Amino acid sequence: MSRALVLACGNSLRGDDGVALQIMNHLQKAGCDPAPEFHCRQQWTPELAEPISQAEIVVFVDAALGTPPGAVTCRQLQPRPSTSLGITHHSSSESLLLLAEDLYGRRPARAYLVTIAGEAFELDENLSDPVRRAIPEAGVLIKALLMGITVTED
Amino acid sequence: MSKTITIDPVTRIEGHAKITLQLDDQGEVSEAYFHVTQFRGFEKFCVGRPFYEMPYLMERICGICPVSHLLASAKACDVLLAMKVPPSAGKLRRMLNLAQVIQSHALSFFYLSAPDFLMGMDADPKERNLFGAMRKNPELGRGGIRLRQFGQQVIETLAGKRIHPGWVVPGGVNEPLTIEKRDKLLAQIPEMIAIAQKALAWFKIEFENFREEIRTFANFPSLFMGLVTPDERAGYYEGKLRFTDSHGNIVADNLEAANYAEFLDEAVEPFTFMKFPYYKPLGYPGGIYRVGPLARINLVENCGTPLAQQEWIEFRALERGAVLSSFHYHYARLIEILFAIEHIEEYLLDPIITKPHARYSASLNNLEGIGCCEAPRGTLIHHYRVDEQGLITWANLVIATGHNNLAMNRGILQVARHFVRSEKLNEGMLNRVEAVIRAFDPCLSCSTHAYGQMPLQVRLVSAQGSVLDQICRGS
């Protein structure tokens, strides 16, 4: 069981949508203490509920719509049902926490969503300049979260 | 005064669609249409590409069943090369296909349809969803997740990626299976069998609560089509096509998939992008047939693995001839999951599976190739023509979900005639009209080679165009 989990979500073929994957690569190269388990997905799906239930801390990382491009934000998460009724093969980060609790009886003590505002989501394997420049900042933030530094606001 | 009800889009299926119900002057449902409203045109934009790119282009049609397109495409390319694949590669490809069946069926049954079974067709959609269902029966939920994980893990172990793997290549597969990886998969088989058996035991009791749905969910005579192996098993990767009728009689047998144009044709209708395949000798629409889990289990006289065989016997005892209710696609799906687990175990125990030589090489030898396999949703055919340089000049894809198009449309009509009785729409009525489609587990991303997601809108419109009633769901 890994006590720390980093879940990166995105599509590396859709420009800035792939930023979470790049951040994951950055963290793997730089090293983290404690060393987390990394999962990289194009969607967050119910299959992740089990590893989430076994972690003490989970950090979800994703691209987001927002301004300015490259802005890194962090939000502490609480379990919450999905508001999406039509889609059942991908899930929100909050709903996965709820699912972990419902199905496996526990959830991480701390859970965060780190997002990076993107500006270009068309077919492209490259990140836009502001988003690429935000990778180190996001990496520092995630490392701090993993070390136990509490972040409560965006 | 005649009226029209539109369900747009349909939820908990793969892709974009809407449903229109036409009411007559007496307020009875007179017509029903299943509109598939998306289009991507993979058959066109692959023209000019080298044939060896096709498996990786075509698998991008779908994120749920990419393996099926990968295999059908690679098989078509094998024909272009005029070669057979090494025995180990053949078995590895078969195993990959079965893993796809497990993960796709688990998604359909446990994620998409279990909310209807657990919460009831009339439940509030705020509760009747994946999370509500898993909260109501956590053991079933955990089991469904494990089955899907296992199917995905087999795919990832063999092919390197869960979605859109590139491991299957013309001539074989590009990496053999190691003994260590084989043993890790083998170790999980007993747990998976136990989960599948538990789910079957649960569902065989549960479906008794859905007698009205069983009676009305696309429950009518039709042909059934699928691949059958020489030893009378359903042929997920190989075999010849068989048609049976609603009495279980064989109508046509030993048909080569490569000759599909001789016995299948496709009609088009102006209200949808999805074509309407039909059995040519019976014409359109008389040549209606069904494919997929229900068809495969109706077609054969031998399920082929010990535990699934026992379930198959019980299933077939539901009717004297073929099992006709499309509600039982769900039941058939669970039996196929059990079969696939057992069959994967057989392959893993076969010493050939870890032989190192998994690919043959050849250059272009044919200018036309057709590949066929059974996707989770039914028979899938890829047909390519190339020029002397191996560049694609023409492609035709006959997709599993498309085969069921006539049956889905007729099924909506049957359900709507039974449940839609007034001008006032209610949630249970709406959900049942959707649920009959959900029973087929259509993958509209595949059938139109497009992708998407579906919120829902149902509109009741008068003949004059005024909206009499409307229900909307968010995306």
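Residues numbered from 1 in each chain as written. Chains lettered and ligands numbered in written order. Predicted model: local features only at pLDDT ≥ 70, side-chain atom pairs only at ≥ 80, totals over all residues.

Notes on the overall build of chain B
Phase 1 of the analysis: Helix and strand counts for chain B stand at 17 helices and 16 strands.
Phase 2 of the analysis: The 475 residues of chain B split such that 55% are buried.
Phase 3 of the analysis: Look at the contacts in chain B between residues 6 or more apart in sequence, and 72% of them connect residues 24 or more apart. (Helix = DSSP H or I, 4+ residues; strand = E, 2+ residues; numbered from the N terminus. Buried ≥ 20, exposed ≤ 12 C-beta atoms within 10 Å, placed from the backbone. Contact = placed C-beta atoms within 7 Å.)

A short note on the overall build of chain A
Phase 1 of the analysis: Broken down by element type, chain A carries five helices and five strands.
Phase 2 of the analysis: Of the regular secondary structure in chain A, the N- to C-terminal order runs β-α-β-α-β-β-α-β-α-α.
Phase 3 of the analysis: When burial is assessed residue by residue, chain A has 44% of its 154 residues classed as buried.

Topic: the sheet that holds strand 13 (residues 378-386) of chain B
Residue and element names in this part refer to chain B.
Phase 1 of the analysis: Strand order across the open sheet formed by three strands is 12-13-14, with antiparallel pairing between neighbours. Both outer strands of the open sheet, strand 12 (368-375) and strand 14 (392-398), are each paired with one neighbouring strand and no more. Going from strand to strand, the sheet's axes swing by 15° on average, the running direction of each strand aside.
Phase 2 of the analysis: Relative to strand 13, strand 12 runs antiparallel, the two sharing eight bridges. Paired with G369 across the bridge in strand 13 is Y384.
Phase 3 of the analysis: Here helix 3 (residues 66-81) sits on the sheet and contacts strand 12 and strand 13; the angle it forms with strand 12, its principal contact strand, is near 150°. (Pairing = 2+ DSSP bridges. Axes fitted to C-alpha atoms, helices over the stretch in contact; angles between N-to-C directions.)

Notes on the nonpolar core
Phase 1 of the analysis: Formed by 195 residues in total, the largest nonpolar core has its most connected members in V59 and V61 of chain A together with I412 of chain B.
Phase 2 of the analysis: Ranked by residues supplied to this core, first place goes to helix 4 (residues 87-119) of chain B with 17 residues. (Core = buried A, V, L, I, M, F, W, Y, C linked by C-beta atoms within 7 Å.)

Looking at the environment of V420 of chain B
Residue and element names in this part refer to chain B.
Phase 1 of the analysis: The topology assignment puts V420 in the loop between helix 15 (405-419) and helix 16 (427-440).
Phase 2 of the analysis: The exposure class of V420 is buried, given the 22 C-beta atoms found within 10 Å.
Phase 3 of the analysis: The sequence separation of V420 and G120 amounts to 300 residues, and the corresponding C-alpha distance is 17 Å.

Thoughts on the environment of K91 of chain B
All names here are of chain B.
Phase 1 of the analysis: Secondary-structure assignment places K91 in helix 4.
Phase 2 of the analysis: For K91, a count of 22 C-beta atoms within 10 Å gives the class buried.
Phase 3 of the analysis: Taking the C-alpha atoms as reference points, K91 and G143, 52 residues apart in sequence, are found 27 Å from one another.
Phase 4 of the analysis: Discounting residues that sit within four places of it in the chain, K91 has contacts with Y347, D350, I352 and I353.

With respect to the environment of A55 of chain A
Phase 1 of the analysis: Inspection of the secondary structure assignment puts A55 of chain A in the loop between helix 2 (49-53) and strand 3 (57-65).
Phase 2 of the analysis: Taking the C-alpha atoms as reference points, A55 of chain A and Q28 of chain A, separated by 27 residues in sequence, lie 18 Å from one another.

Details of unusual backbone geometry
Phase 1 of the analysis: In the segment running from D33 of chain A into P34 of chain A, the intervening peptide bond is cis, with an omega of 5°.
Phase 2 of the analysis: With respect to the helices and strands, the residue P34 of chain A is situated in the loop between helix 1 (19-30) and strand 2 (37-41).
Phase 3 of the analysis: Going from T67 of chain A to P68 of chain A, the amide bond is cis rather than trans, its omega being -10°.
Phase 4 of the analysis: Counting through the fold element by element, P68 of chain A comes out in the loop between strand 3 and strand 4 (72-76).
Phase 5 of the analysis: Backbone geometry at A218 of chain B places phi at a positive 45°, although glycine is not the residue there.
Phase 6 of the analysis: As for its position among the elements, A218 of chain B is in the loop between helix 9 (211-216) and strand 6 (223-228).
Phase 7 of the analysis: In this structure, E232 of chain B takes a positive phi of about 70° despite not being glycine.
Phase 8 of the analysis: Examined against the element boundaries, E232 of chain B turns out to sit in the loop between strand 6 and strand 7 (240-244).

Description of the pairing of strand 2 of chain A
All names here are of chain A.
Phase 1 of the analysis: Across five bridges, strand 1 (residues 4-9) lies against strand 2 in parallel orientation. Note on strand 2: the bridge partner recorded for L7 is H39.
Phase 2 of the analysis: Traced from strand 1 through helix 1 to strand 2, the parallel crossover comes out right-handed. (Right-handed = clockwise from strand over helix to strand, strands pointing away.)

Considerations on the confidence of the model for chain B
All names here are of chain B.
Phase 1 of the analysis: Mean pLDDT over chain B: 89, with 89% of residues reaching 70 or higher.
Phase 2 of the analysis: For residues 448-456, every residue scores under 50 in pLDDT, and the model assigns this stretch 46 contacts once sequence neighbours within four places are set aside.
Phase 3 of the analysis: The ipTM assigned to the predicted complex is 0.84, against a pTM of 0.89. (pLDDT = per-residue confidence, 0-100.)

Some remarks on helix 16 of chain B
All names here are of chain B.
Phase 1 of the analysis: With 14 residues, helix 16 should reach 20 Å at 1.5 Å per residue; the first-to-last C-alpha distance of 21 Å fits that figure.
Phase 2 of the analysis: Most of helix 16 is tucked away: 12 of the 14 residues are buried.
Phase 3 of the analysis: Every buried residue of helix 16 is accounted for by M429, L430, N431, R432, V433, E434, A435, V436, I437, R438, A439 and F440.
Phase 4 of the analysis: Directly beyond the C-terminal end of helix 16, a positive phi value near 50° is found at D441. (Expected span 1.5 Å × (residues − 1).)

Side note on the pairing of strand 12 of chain B
Phase 1 of the analysis: Taken across its eight residues, strand 12 of chain B has seven buried, putting it largely inside the fold.
Phase 2 of the analysis: Two successive antiparallel strands, strand 12 of chain B and strand 13 of chain B, enclose a turn made up of two residues.

Focus: the packing of helix 6 (residues 138-159) of chain B against helix 8 (residues 189-206) of chain B
Axes are the key here: two packed helices are described by the angle between their axes and the distance separating the axes.
Residues and elements named next belong to chain B.
Phase 1 of the analysis: It is the contact of helix 6 with helix 8, at a shortest axis distance of 10 Å, that shows an interaxial angle of 135°. Considering their axes alone, helix 6 and helix 8 lie oblique with respect to each other. The chirality of how helix 6 crosses helix 8 is left-handed. Within the contact between the two elements, helix 6 uses L140, G143, R146, L147 and F150 and helix 8 uses M192, I195, A196, K198, A199 and W202.
Phase 2 of the analysis: Taken together, the residues of the contact of helix 6 with helix 8 sort by class into eight nonpolar, one polar and two charged. (Parallel < 35°, antiparallel > 145°, perpendicular 65-115°, else oblique. Left-handed = near helix turned anticlockwise from the far one by under 90°. Nonpolar A, V, L, I, M, F, W, Y, C, P; charged D, E, K, R; others polar.)

Structural notes on the packing of helix 8 of chain B against helix 13 (residues 329-348) of chain B
All names here are of chain B.
Phase 1 of the analysis: The N-to-C vectors of helix 8 and helix 13 enclose an angle of 165°; their axes lie 10 Å apart at closest approach. Our classification of the angle between helix 8 and helix 13 gives roughly antiparallel. Helix 13 is crossed by helix 8, and the crossing has left-handed handedness. Contacts between helix 8 and helix 13 pair I189, M192, I193, A196, Q197, A199, L200 and F203 from the former with H330, Y331, L334, I337, L338, I341, E342 and E345 from the latter.

Details of helix 12 (residues 306-316) of chain B
Residue and element names in this part refer to chain B.
Phase 1 of the analysis: Within helix 12 the residues assigned to the buried category are A308, E311, W312 and F315. One side of helix 12 holds all its buried residues, which, seen down the axis, span an arc of 105°. Every exposed residue of helix 12 that faces more than 90 degrees away from the buried side is listed here: P306 and I313.
Phase 2 of the analysis: Next to the buried residues of helix 12 lie helix 8, helix 11 (293-299) and helix 13. (Arc of directions from axis to C-beta.)

Comments concerning the sheet that holds strand 3 of chain A
Residues and elements named next belong to chain A.
Phase 1 of the analysis: Read from one edge of the open sheet, five strands run 2-1-3-5-4, paired in mixed fashion. This sheet does not close on itself; its edge strands, each paired only once, are strand 2 and strand 4. Looking at each pair of strands side by side, their axes are set apart by 20° on average, direction ignored.
Phase 2 of the analysis: As defined by bridge partners, strand 4 adjoins strand 5 (residues 110-118) across five bridges and the pair is classed as antiparallel. Its bridge partner being in strand 5, T73 is matched across the sheet by T115.

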